[in-house]
Structures are given as C-alpha cells and as structure tokens.
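# Residue-level structural notes
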Amino acid sequence: MPESNRGFSAYFRRDLLLAYRRRGEVASPIIFFVMVATLIPLGITPEADSLKELAPGTIWVMALLATLLSAEGLFVSDYKDGSLEQLLISPNMLVMPIFGKVTAHWITTGLPLTLASPLIGLMLSLPSVAYLPMMAGLALGTGCLSFLAAIGAALTVSLQKGSLLLTLIVMPLYMPIIIFGSAVMQYSIDGMAWSGPLAILGAMLAVAIALCPLAIAAVLRLITIN
Amino acid sequence: MPESNRGFSAYFRRDLLLAYRRRGEVASPIIFFVMVATLIPLGITPEADSLKELAPGTIWVMALLATLLSAEGLFVSDYKDGSLEQLLISPNMLVMPIFGKVTAHWITTGLPLTLASPLIGLMLSLPSVAYLPMMAGLALGTGCLSFLAAIGAALTVSLQKGSLLLTLIVMPLYMPIIIFGSAVMQYSIDGMAWSGPLAILGAMLAVAIALCPLAIAAVLRLITIN
Amino acid sequence: MVNSSLLTVNDLRFERDDIPVINGACLTLNVGEILQIEGPNGSGKTTLLRILTTALQPSGGEILYRGQILSECRFDYLSNILFLGHQSALKLTLTAEENLSWTTSELPGSVSIMEALEQVGLRGYSDVPCHKLSEGQQRRVALARLLVTNAEVWFLDEPFSALDKQGVQFVEQCMERHIKGGGAVMLTTHQPIGMEPVRRYSLVGSSVGGGF
Amino acid sequence: MVNSSLLTVNDLRFERDDIPVINGACLTLNVGEILQIEGPNGSGKTTLLRILTTALQPSGGEILYRGQILSECRFDYLSNILFLGHQSALKLTLTAEENLSWTTSELPGSVSIMEALEQVGLRGYSDVPCHKLSEGQQRRVALARLLVTNAEVWFLDEPFSALDKQGVQFVEQCMERHIKGGGAVMLTTHQPIGMEPVRRYSLVGSSVGGGF
Amino acid sequence: MNWTWFYRMGSPLWFYQSTSRWLPLLSLVTLVLLVAGLAWGLGFAPEDAKQGNSFRIIYLHVPASFLALAGYFLMATAGAIGLIWKMKLSYIVMKCAAPIGAALTFLALFTGAVWGKPTWGSYWVWDARITSMLILLFLYFGVLALQYAFHNQEAGNKASAVLALVGTVNIPIIYKSVDWWFTLHQPSTIKLTSAPSMHPDMFQPLLVMILAFYFFYALALILAVRVEILKRESKTTWVRELVEQASRQKIGAK
Ligand code: HEM
Ligand SMILES: Nc1ncnc2c1ncn2[C@@H]1O[C@H](COP(=O)(O)OP(=O)(O)OP(=O)(O)O)[C@@H](O)[C@H]1O
Ligand SMILES: Nc1ncnc2c1ncn2[C@@H]1O[C@H](COP(=O)(O)OP(=O)(O)OP(=O)(O)O)[C@@H](O)[C@H]1O
Ligand SMILES: [Mg+2]
Ligand SMILES: [Mg+2]
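Residues numbered from 1 in each chain as written. Chains lettered and ligands numbered in written order. Predicted model: local features only at pLDDT ≥ 70, side-chain atom pairs only at ≥ 80, totals over all residues. Heavy atoms only, no water.

Going by the annotation in an unreviewed UniProt entry, the name recorded for chain E is Heme exporter protein C, with SAR92 clade bacterium given as the source organism. Regarding chain E, the UniProt comment filed under Function (unreviewed entry) reads as follows: "Required for the export of heme to the periplasm for the biogenesis of c-type cytochromes." What UniProt records for chain E under Sequence similarities (unreviewed entry) is the sentence "Belongs to the CcmC/CycZ/HelC family." (UniProt positions renumbered as here; feature names shortened; annotations may be inferred.)

Under the annotation held in an unreviewed UniProt entry, chain A carries the name Heme exporter protein B and is attributed to SAR92 clade bacterium. Under the UniProt heading Subcellular location (unreviewed entry), the note attached to chain A is "Cell inner membrane".

## Here's the deal with the overall build of chain A
Scanning chain A for helices and strands turns up 10 helices and 0 strands. In sequence order, chain A lays out its α and β elements as α-α-α-α-α-α-α-α-α-α. For a compact globule of 226 residues, the expected C-alpha radius of gyration is about 17 Å, and chain A comes in at 18 Å, within 12% of that figure. Dimensions of chain A, computed from the C-alpha atoms along their principal axes, are close to 55 × 35 × 30 Å. Buried positions account for 64% of the 226 residues belonging to chain A. Within chain A, contacts between residues separated by at least 24 positions form 81% of all contacts whose residues are at least 6 apart in sequence. Total accessible area on chain A is roughly 7,400 Å²; 69% of this is exposed by carbon and sulfur atoms. For chain A, the distance from the average position of its 11 positive side-chain charges to the average position of its 11 negative side-chain charges is 11 Å. (Helix = DSSP H or I, 4+ residues; strand = E, 2+ residues; numbered from the N terminus. Rg over C-alpha atoms; globule rule 2.2 N^0.38 Å. Buried < 20%, exposed > 50% of the residue type's maximum accessible area, 1.4 Å probe, protein only. Contact = heavy atoms within 4.5 Å. Areas by Shrake-Rupley, 256 points an atom, 1.4 Å probe, with all protein chains shown as cover. Lys, Arg positive; Asp, Glu negative; His and termini not counted. Charge placed at Lys NZ, Arg CZ, Asp CG, Glu CD.)

## Quick notes on the overall build of chain E
A count of helical and extended segments in chain E gives 8 helices and 0 strands. Counted from the first residue to the last, chain E has its helices and strands arranged as α-α-α-α-α-α-α-α. Sorting the 254 residues of chain E into buried and exposed places 48% on the buried side. Total accessible area on chain E stands at roughly 13,100 Å², and carbon and sulfur atoms take up 69% of it.

## Some details on the coordination of the magnesium ion (ligand 5)
Residue and element names in this part refer to chain D. Note on the magnesium ion (ligand 5): its protein donors are Thr 46 (OG1) and His 86 (NE2). The metal-donor distances range over 1.9 to 2.4 Å. Placement of the pair is Thr 46 in helix α1 (residues 45–52) and His 86 in the loop between β6 (81–84) and α3 (96–101), with a sequence separation of 40 residues. Exposure remark for Thr 46: the relative accessible area of 24% places this residue in the partly exposed category. (Donors = N, O, S within 2.8 Å, 3.2 Å for Na, K, Ca; no water.)

## A look at the UniProt feature "transmembrane region" (unreviewed entry) in chain E
All names here are of chain E. Residues annotated in UniProt with the feature "transmembrane region" (unreviewed entry) correspond here to residues 57–85, 97–116, 128–150, 162–182 and 202–225. In residues 57–85, the share of helix is 97% and the share of strand is 0%. The end C-alpha atoms are 42 Å apart. For residues 128–150, the end-to-end C-alpha separation is 34 Å, with 96% helix and 0% strand making up the annotated structure.

## A short note on the site of ligand 2
Among the 21 residues in the neighbourhood of ligand 2, the closest are listed as Ser 134 and Gly 136 of chain C together with Lys 45, Thr 46 and Thr 47 of chain D. Nearby residues place ligand 2 at the junction of chains B, C and D. Gln 137 of chain C places a polar side-chain atom, nitrogen or oxygen, 3.0 Å from an oxygen atom of ligand 2. At 2.9 Å from an oxygen atom of ligand 2 is found a main-chain nitrogen or oxygen belonging to Gly 44 of chain D. Against a free-state accessible area of 640 Å², the protein chains account for coverage of 89% of ligand 2. Taken together, the elements giving at least two residues each to the shell around ligand 2 come down to α5 (135–143) of chain C together with α1 of chain D. For the shell around ligand 2, the per-class residue count stands at 4 nonpolar, 13 polar and 4 charged. (Near = heavy atom within 4 Å. Polar contact = N/O pair within 3.5 Å; in protein donor to acceptor, adjacent residues only side chain to side chain. Nonpolar A, V, L, I, M, F, W, Y, C, P; charged D, E, K, R; others polar.)

## Some points on a nonpolar patch on the surface
On the surface, a cluster of nonpolar side chains totalling about 280 Å² of accessible area is made up of Val 207, Leu 211 and Leu 214 of chain A. Inspection of the secondary structure puts Val 207 of chain A in helix α10 (residues 195–223). (Patch = residues over 30% accessible without salt bridge, like charges linked within 9 Å, V, L, I, M, F, W, Y side chains within 5 Å. Salt bridge = Lys/Arg side-chain N within 4 Å of Asp/Glu carboxyl O.)

## Structural notes on the pairing of strand β7 (residues 153–157) of chain C
All names here are of chain C. Across the 5 residues that make up β7, a large majority, 5, are buried. Neither face of β7 is exposed, since Val 153, Phe 155 and Asp 157 on one face and Trp 154 and Leu 156 on the opposite face are all buried. Sheet topology note: the β7/strand β8 (residues 184–188) ladder contains 5 bridges and is parallel. In the strand pairing of β8, Phe 155 is matched with Met 186. This β-α-β element, β7 to helix α7 (residues 165–180) to β8, shows right-handed connectivity. (Pairing = 2+ DSSP bridges. Right-handed = clockwise from strand over helix to strand, strands pointing away.)

## Observations concerning the pattern of salt bridges
For the structure shown, the criterion picks out 33 salt bridges over all chains. For Glu 152 of chain D, the salt bridge identified is with Arg 66 of chain D, shortest N-O distance 2.2 Å. With Glu 152 of chain D in the loop between α6 (145–148) and β7 (153–157) and Arg 66 of chain D in the loop between β4 (60–65) and β5 (68–69), the pair connects residues that are 86 residues apart, well separated along the chain. Judged by its relative accessible area of 40%, Arg 66 of chain D is partly exposed. Residue Lys 95 of chain E pairs with Glu 228 of chain E through a salt bridge whose shortest N-O separation is 3.2 Å. With Lys 95 of chain E in helix α4 (residues 88–120) and Glu 228 of chain E in helix α7 (residues 200–232), this pair connects stretches of sequence that are 133 residues apart. Across this residue pair, the class does not change: Lys 95 of chain E and Glu 228 of chain E are buried. Residues joined by salt bridges that share partners form a network here, namely Arg 14, Asp 15, Asp 78, Asp 81 and Lys 101 of chain A together with Lys 91 of chain C.

## Here we look at the confidence of the model for chain A
Low pLDDT means the predicted atomic positions in that stretch should not be read closely. Chain-level pLDDT for chain A is 85 on average; 92% of the residues reach the 70-or-more range. Mean pLDDT across the elements of chain A bottoms out in helix α1 (residues 2–23) of chain A (71) and peaks in helix α8 (residues 131–155) of chain A (95). (pLDDT = per-residue confidence, 0-100.)

## Some details on the side chain of Glu 85 of chain A
In this structure, Glu 85 of chain A sits in helix α5 (residues 83–88). On the accessibility criterion, Glu 85 of chain A (16% relative accessible area) is buried. In contact with Glu 85 of chain A, other than residues within four places in its own chain, are Arg 50, Ala 55 and Phe 83 of chain C.

## Observations regarding the packing of aromatic side chains
A full pass over the atoms with the stated rule returns 9 aromatic pairs over all chains. Looking at Arg 226 of chain E, its charged tip hangs above the ring of Tyr 16 of chain E, at a distance of 4.1 Å from the centre. (Phe/Tyr/Trp six-rings, centres within 6.5 Å; stacked < 30°, edge-to-face > 60°. Lys NZ or Arg CZ within 6 Å of the ring centre and 35° of its normal.)

## Overview of the pairing of β7 of chain D
Summarising the sheet, β6 of chain D and β7 of chain D pair through 4 bridges and their orientation is parallel. The residue bridging Ile 81 of chain D from the neighbouring strand is Val 153 of chain D, located in β7 of chain D.

## Digging into unusual backbone geometry
Although it is not a glycine, Asp 11 of chain C adopts a positive phi angle of roughly 50°. Note on placement: Asp 11 of chain C falls in strand β1 (residues 5–16). If you check the backbone angles, Asp 18 of chain D has positive phi at about 65° while not being a glycine. Tracing the sequence through the fold places Asp 18 of chain D in the loop between β1 (5–16) and β2 (19–30). Among the residues examined, Asp 18 of chain D registers a relative accessible area of 69% and is labelled exposed.

## Description of the packing of α8 of chain A against α10 of chain A
All names here are of chain A. Where α8 contacts α10, the two axes come as close as 8 Å, and the packing angle between them is 20°. With respect to α10, the axis of α8 lies roughly parallel. In the crossing of α8 with α10, the sense of the turn from one axis to the other is left-handed. Looking at the contact of α8 with α10 residue by residue, the class counts come to 21 nonpolar, 4 polar and no charged. (Axes fitted to C-alpha atoms, helices over the stretch in contact; angles between N-to-C directions. Parallel < 35°, antiparallel > 145°, perpendicular 65-115°, else oblique. Left-handed = near helix turned anticlockwise from the far one by under 90°.)

## Observations regarding the sheet that holds β4 of chain D
Neighbouring strands of a sheet are bound in pairs by backbone hydrogen bonds; such pairs are parallel or else antiparallel. Residues and elements named next belong to chain D. If you walk across this open sheet you meet the 4 strands as β2-β1-β4-β5, and the pairing is antiparallel. At either margin of the open sheet sits one strand with a lone partner, and together these are β2 and β5. Where β1 meets β4, 5 bridges bridge the pair, whose relative direction is antiparallel. Paired with Leu 7 across the two strands is Tyr 65, which belongs to β4.

Pasting the structure below:
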C-alpha cells in the first residue's frame, strides 16, 4: 500500500507542478472562464431574464469544453518524451499513477471552474438559490468529466492526431453528465428538490473512480505496442 | 513575387497537409461542431423558441472558441522542432509564409464551421432567413479571428505556457468581432438590413489581412531570441 | 537452478505490420558483463531494448530472467532494471532536481539527487528549468538517473549521444563501477567504447535501405 | 576588398540574462575549409552557430561576410547558408519526401529528393511517416537537406549524432565534396572526425559546472 | 466441456467456407422479404387518416431504427469477445459492423427528419428518442474514426473494442438521461412510443419489413466480413488457392 500510494502522490504532485509551470499562475483558469462568460452577454443577449435561463447550460458547456480540450495533453506529452514508457515498465501498479494524474487534471480544471462558478453565476444573473447546487454539481460532475476524458486521451495517445478525434470519442459519453448537471441547477431554480440528479452525479463519479483508472491502465498497456 | 508566392503556397500546403494528417479525415471538424451544437439544447433547453434566440450567439461563441483553442499550436510545434528557426533564417520574406499558415488555419477551422453552420442552424431552429447572413458573416469573421489568434500565438510561442495566456491576450480583441458577427444574424432575423455589420466585418478582415502578417512577422523576430 | 546468466533470450522475434524487425535473436547477458548491441541505423537495436524492458510485446521467442520466464517474475524483473532511451523522459519545464525526484529510490546504495547532479557536472544548474540547458546538459540530467537508482540491469540506448569527452568517460566509469558491483549493462552505441571488456552482439537488420 | 575569408567574426559576445555565454570570440572561416567548434557541454557551441545563422542577436562584436558587415548583406548571406541543428525540423507526421519538399531549391547542382533519399540510405522509406523511422533514420532524412540545396556555407550542429559508421562516413564525404566545390563548413561534434584537414576552434565555456 | 467448436468458430477459414454454403439461400430470403415488405407497405397498405401517404416512410424508418440499436450491441459484443478470447474473427466482425450500423442510424435519422417536416412542421426537434439516436450516431462515428486512425491493425482493434464497450455501458445511461431530460422540460406533446395501436393492415407489412431488415443486416455483415477476411488473409495459402480457382473458372468460362 505505501508503494502504490507513492505512485499516486508522485504523479499527482508531478502533474500539478507541471501545470503550475505551464500556466504560470494558478488563477488563469478562473480568468479564462470569466472571459468566456463575458462573451455570452455580448454574443447572445444582455438581458438578465434571458441570461438567467442560459446560465446553467452555459456553465456546464464551458466545464465540458474546458475538461475536454485540456485532457488532450494528459498522456501525449508523457508519451512523446518517454515518461509514459518509463511508467509502463515500472514495477508498480499502473492504476495509482493514473489516478494521480487524473486527480491532478481535475484540480487544474474542474476545481478552478467550481470555485469560479459563483462569479460566473453572478455575471449571468443566476438566482442566488442555485449557487450551492451549482457548486456541488460541478464538483462531482467535473470529476466524471476528467475521468471520461482521460479514457479518450489514453485511447488516442499514440496517434499523432489532434483533439478532434478525442472530442469525437468522448463527447457522446459526456451527454448524460451535462444533462444531470444542468438539471441540478434547473431544479433548484424551479424550487424542486435537487438531491436526485445530484445523487446520480455522485453515483456516476463513484463508478468512474472505481472503473476508469482500470480501463485507462488496460488501454495504455494494450495500445502502446509499437 | 514568384519567390514570395512560393513562400505562401509552400507553407499553405504544408500546414494543410499537416492538419490533414493530424485529423485523419476532412469531415471531422464538421462533426465536431455538430457535436458541440448538440450540447446546447441538452444543457440549456430543447424548446425551439428559446433555441432560436440563442442560435446566433452560440454559433459565434463556438467559432471563437474553436479558433482560439486551435490557434495555440499554430507556431508552437514549429518552434519546438526547429522549423520556425529555419523559417526565420530563410532569406525570403517572413510575411508570405505566415500568411500561408494563417490561411491554412482558417481553412481547417473557420471554413468547416462556415460550411457546417446551416446544419447547426437547423439543429438550433434558426429562422431560414438568417442562413445566408450567418454564412457570410462567419466566412468573414472567422478570417479575422484566425489572424488575431495568430498574433496571440506568436506572442506566446516561446513561453512554455499553455493556451490560457493566449486566451487572455486575444479574447479582448475578439469582442468587437463577436458583437458585429452576431449582429449580422440578429438584424436579419429582426428583418433589418444586415449589410451594415457585414461590411464592418469585411473591413476588419481587410485590415487584418493587411496588418496582421506584418505584426506577426515582427513579433516572431523579436521574441525568439534565445 | 543457479545460473550466472541474468538474462537469456531465445529465438526472439518481432514484427511490425507483418514486416519482421527482429528475426530470431538469441543472446545472453551475464552478471558483470557489458553487452553492446551493434547494427546499422534501423536494424532494430532500440526495438530489442524496448522488448527486453517489456515496453513492447515480442511476436515470438522467450526471455528468461535468472532462468525464469519473464512473465512469471515480472514484478521482480521490473524492480531490477533501468532503461534509458533515446527520449530522455525529461520534463523541460521542470528543473533538473525536480525531474530526478520522481525516480529516486531512497534505498541504500543510491546517491542523493544533489550529489548525483554534482557528479554529472551540473552543480549550480539544479534549479534551472531543463529547457534552458544545452543538449548535452539535458542528457546529463537524464544520466544522473544511473546514480540515484540502484537497478541491477541497465539498458542504455545510445547513452553517449550529445556528451562531450569527459561525459563519455564518466558514463564508462559508471558502467565499470556498476558491473564490478554485480550488475550488468546492455547498451547500444555507434561510437567506439574506450573500455574493456565489452562483448558485442550484432543485429543484422532486415532494413530495406542501406545505400550509404 | 577581395578576401578568401568567407566569414570573419571579431570579438563576438553574447549574454543570456546578463550571464556571458560567449565572451569575445574571434574566428575566420575560409573557402574550402572545415572549421570544428570545440568545447565541453554547455560551452556555447550551439549558441555560436545560432548567432552566426542570425537566429540569435549577438550582444556585441561584428560579423563580416566576404568583408561586408552582415546586416548590410543579409539577404545575400541568408541565401547562401544552410543550418542543421540539434532539432531536425522534421514533421513526424509527414513522410520523408514531404518533409524535404519544402526545402528544395530547383537550382542546378542540387539533387532530386528521391535521389537524395536514396543516397542517405532511405530507399523504400520515402513514403513512410517519419515517426515510424528509427532515430538514425530520422537524422538521415534531415541530412538529406545537404544534398537537395546548394548553399555555400554549412553550419552543422552535431551532424553525426545517432548515425552509424557508414552514416558518419557519408556525411564526411559530403563535407569533403562540398569544400572541394568551393564551399565551407562550420561544425560542432564531440566525436573524432576521421578526415583531414580540419581546423579547430576552442570555445572555453564560462560554464559553472564541469565536475565530471 | 468441449470448447473446440468455439475456437473453430473463431477461424476465418471456417467462417468463410461455411458462409459460402449459406450465402445463396440467405440472399434469396432477404430479397424476397424486402420486395414483399416494400410492395405491401408502399403499395397495398391503406393510407393514413391524418398523415396521408407520408406515413409510409415508417416502413424504412422503424426497421432502420431497430437495427441501428441492435447493431451497436452486436458490435460491442464482438469487441468484447475479441478482447477476452483474442479471437481474430470477432475483431473483424466488430470492424465491419461499425459502418453498417452507422449507415442504418443515419438512415433512421434521415427518414425521421424527412417525415418530421410534413408531420411536425420542422426537420428537427429535440425529442428524447431522436436525441439519443443522434448520440448513437456519434458513438458509431467515434468507433469508426478510432478504428481508422490506427495504422497498426491490432492496436486499432483493441482501441475500438474498448471504446465500443465503454459506449455500451453508456447507452442505457444516455437513453435514460435523455428521456428524463426531455420530460423534465416539456410535457410530451409528441410521443413515438404510444403509436396509436396501429391498424393491422399497416402493422403486418411493418413486421415483414423489420424481419427483412434483420436478414438484410446479417447479409450485409457477412459479405463485409468475407471481404475483410480475404484482405487480411491475402497472404495465406487458402486465399491464394481461392484466387487461382476463381481465375481458372473465369478462363474456363471464356
Ligand atoms: C430524426 C427524427 C427521428 C428519429 C431519430 C427517430 C428515431 C426513432 C427511433 C429510435 C425509433 C424506435 C425504434 C425502436 O422502438 O427501437 C422510432 C420509432 C418510430 N418513429 Fe421515429 N424518429 C424520428 C422521427 C419520426 C417522425 C417524424 C415520426 C412520425 C411522426 C416518427 C414515428 C415513429 C414511429 C411511429 C415509430 C414506431 C414506434 C414504435 O413502434 O415504438 N419518427 N423512431
Ligand atoms: N534556451 C536557453 N535559455 C537559457 N539558457 C540557455 C538556453 N540554451 C542554452 N543555454 C545555456 O547557454 C549555455 C550554452 O549553451 P549551448 O547550447 O550553446 O551549449 P553547447 O556548447 O551547444 O553544449 P552541448 O555540447 O551540450 O550541445 C549553457 O550553459 C546553457 O545552460
Ligand atoms: N514506431 C514505429 N513504428 C513503425 N516502425 C518503426 C517504429 N520505430 C521504428 N520502426 C522501424 O523499425 C526498424 C527498427 O527500428 P529501431 O528504432 O529499433 O532501429 P535502431 O537499430 O534503434 O536504429 P538507430 O540506430 O537509428 O537508432 C526500423 O526499420 C524502423 O523504420
Ligand atoms: Mg535506436
Ligand atoms: Mg549544442
């Protein structure tokens, strides 16, 4: 257990450090989301009433795109510089480092989005009652998104292709999450109990945590064969 | 002139070929946009009446994100593998190859989006009167977007940072385009003459074509200094 | 069955897209031995090393580690090998020290990271991001892994590339120290090696070209 | 002023973040000459070549091309040089042939792409994506540029790395033919060169390390 | 238990030879069913009271929708068998099922859209079932794109098998969630499931068409698999012999 735990924390810390070096500032994901949120009133409508209706969906679509597009690099750079090969031939279990990497990915995309979401809600005139469910839903849902994107990233790692293929693969799997995620917010806005869809998101996350690292490990072993 | 023209066409063809190899199929950008368009009704609302109102803004936000996120790689891979250095020390004018590269970028993002937009319009219940202005506006506007994104890509090429910095730099420049672009569609839906904002988009594109390659060339020379 | 042979390879075959790359290689690696894999460009040296480090699946043949079939002692085997490839597995945005910190084993016999960096001639560079290092300096960071781990079998793919003369000598000394301590080394290189004793194994590539 | 010296460098200086990397280098490169830049890892060889190919701006000193200050004959100079760096400027998703097709000049004296690929020993590989080539084969694709262009001055940064013995010989022959035809070569390498006459210029690095 | 039959089934040669025997009969049955179903449905079934003749598109639409979904599960099952028992043939089946399934999904969407214009007044609405059908098409595209992205046959097979499996887990989730999402926002104005108990005269030809589509699917799949087998085994002796035999027959015919 301590050995496998080392695999988790080593790769968790490493990927966080890399993200930190790449982005320079930890705040930039938040700035990114805020900027995109600024576009919505500009491009669609500045009226608070209409914005309010758009808010749940918009926030979730942004979460989805952010996870998807940043997931492309999850294994590719490791594949290109030989780190992935080192990982594959290390005696430790593959699952823990993968879990560490995906968690780090969530910390650099899903978590900042969750934290920034009240600000975006404010900009999109989201009713105050929806803030808590929004954050809870995002926290759980973006976790699922990260794990699913990681499967896609593993499947495409050895193909010198861009993010389009990844999108093609992962997007259909994302659809349920976006539906339940925005439902959590919509329910709370409509004054209904929002624990139902939230529980489903939680259940999906639990399943993803249990199965996805295994699937990713299998895929990486199966696919990097030349 | 034939020499400089060679610079254009060589890099134009080269980047198209690279994109083709990376993506495998020419159709996938269109599938990508259709997929992202599917998210909107799923996340926001499936009602045709509401969708209709969202359509112009949504299509433009998608165009913007697609250009922005794919622009990151415009110069980075050339920088990393040494091709950019070779370009900088070639005796030919830098402007033509850059123009070729940006045009290729537009062909792989802006053009597919323009072509796919009727399909997306259909899915978002866009009134049929808005189709022509939408396509005209997108064709001109995505051109501007590509050129502006290329400036940002050149500015960030030597920094081992991700796309977030690029977003921060370019997003403010994008705002006018998204405003006029969605105005073209909105005007046509409201039954007003939409040639005004379209002309402004055209003028912006003309300025971008004239100035951006020069700016990019200057930036690349200034920045890649160690 | 006690055997001084660490690694025995019998009739190893490997195909890519039905084109044979390695065609029945037979070789042994003994304790205290340096084995140099020879062959022209594209003859399959890297491929062979990657098969032996289990990164690639062979199409046929068997690999024995201390007389046991590899798949039966996989964990044991992988805990005892070290592979250094063409690609250095360095993260260019991280510093030399950070790059090494993921691979260190805190077992006795291995050296601390700072000490290792000093030994490879990078004193004062430990906190410089690797993309600010010269080609040879980056290579030295990768080679510092030889010092901070204590694997038994080293697989080195062109360890001398980009190194200056002292660098090459240093790696040779490392290898000598390693085999004296009961290890073994399998390496590929196109440069002449300035040390003895080195046993050679020639891969005769099935390469199409060879026009030079 | 007629001068057999193609390139004259006077008191060249270069600093990175206020740390001097090149400290007053003085050298000349004459027609028909091979000049090898020597120095340990990190001594500034690559930096020097990149300054001379105008990829980097020197902090001080002057560079003369045929007696003229470089900035006054920039186009002329750049039309006559070829630089081959550590990084091979290859696009891995493109084939060997495609990679070369952007650099060909259709001037007399240069060879066709297919012929060049054959000469570097890659016959039959012209339509294989470069990421499917071995390290040395990729290097050979990059070296094929020497054949398809007809520049006067070659700047080669470690041209022998990853090449097998025949590969090294081939590059040496290329250089010999090139200088016999009135060209000149400036190269860096840590490997001994098997040909004469080679003039050497030593860069004594201001490098902090050197602990080897 | 004797498993040899199972492994024998995995052999491409066995598959090729045994299907050679059944192929003529299968083709005949498919043809008869298709012609009969189409003639009955398009020619003789009564006109719909409300929709007029446009309803006749149901005879393509419903069978295509059925087979599109069933085809996905078949593809995923074949992929799973390939991953678990490393059977060459099942990978081939998986690979061939993908384009056929995608085409049928597209047909279902297309006929639905064409039908939607006269009945609902628009080509597209975000109905739960329609949306999940669109997502199914995307799933097919993903498997197809992944399969063709790999140059290495084996890696491509394994990757797309994994994706197909992950997709199977998701299909019920997608279906449920989309269903649920639709009912959340909008009272069901149009419901496909409560097809007002169709008149038998309309329903019987539909059954024939569904059956015909099943046969058609099987036929298309078998033909595609045979072509793929010949392509992959082109270097083996039995394929060479087959080719020689065929060319001899051609010469003989002349
Ligand atoms: C693009 C649009 C459409 C799509 C994607 C679509 C999809 C489907 C699907 C998936 C089925 C279910 C087959 C099954 O039970 O497994 C189905 C059945 C059916 N569809 Fe559509 N459909 C579309 C448009 C329409 C339209 C416009 C109509 C007519 C008003 C229609 C009428 C029916 C009927 C009557 C059935 C059979 C219902 C049953 O027996 O359960 N569909 N369609
Ligand atoms: N991009 C960079 N940014 C900052 N410093 C750098 C960069 N590249 C190199 N250096 C530093 O400049 C010095 C000279 O590097 P250079 O690459 O010229 O060395 P070199 O002689 O080519 O070495 P090698 O034999 O390893 O190729 C080194 O000390 C290195 O650390
Ligand atoms: N990823 C790959 N995909 C397909 N073919 C490959 C791949 N890598 C190498 N090859 C081919 O396999 C053969 C052996 O390659 P390998 O890299 O093992 O050669 P090598 O002996 O290490 O050569 P070098 O001396 O150039 O490093 C070569 O003919 C090469 O073209
Ligand atoms: Mg090699
Ligand atoms: Mg150097």
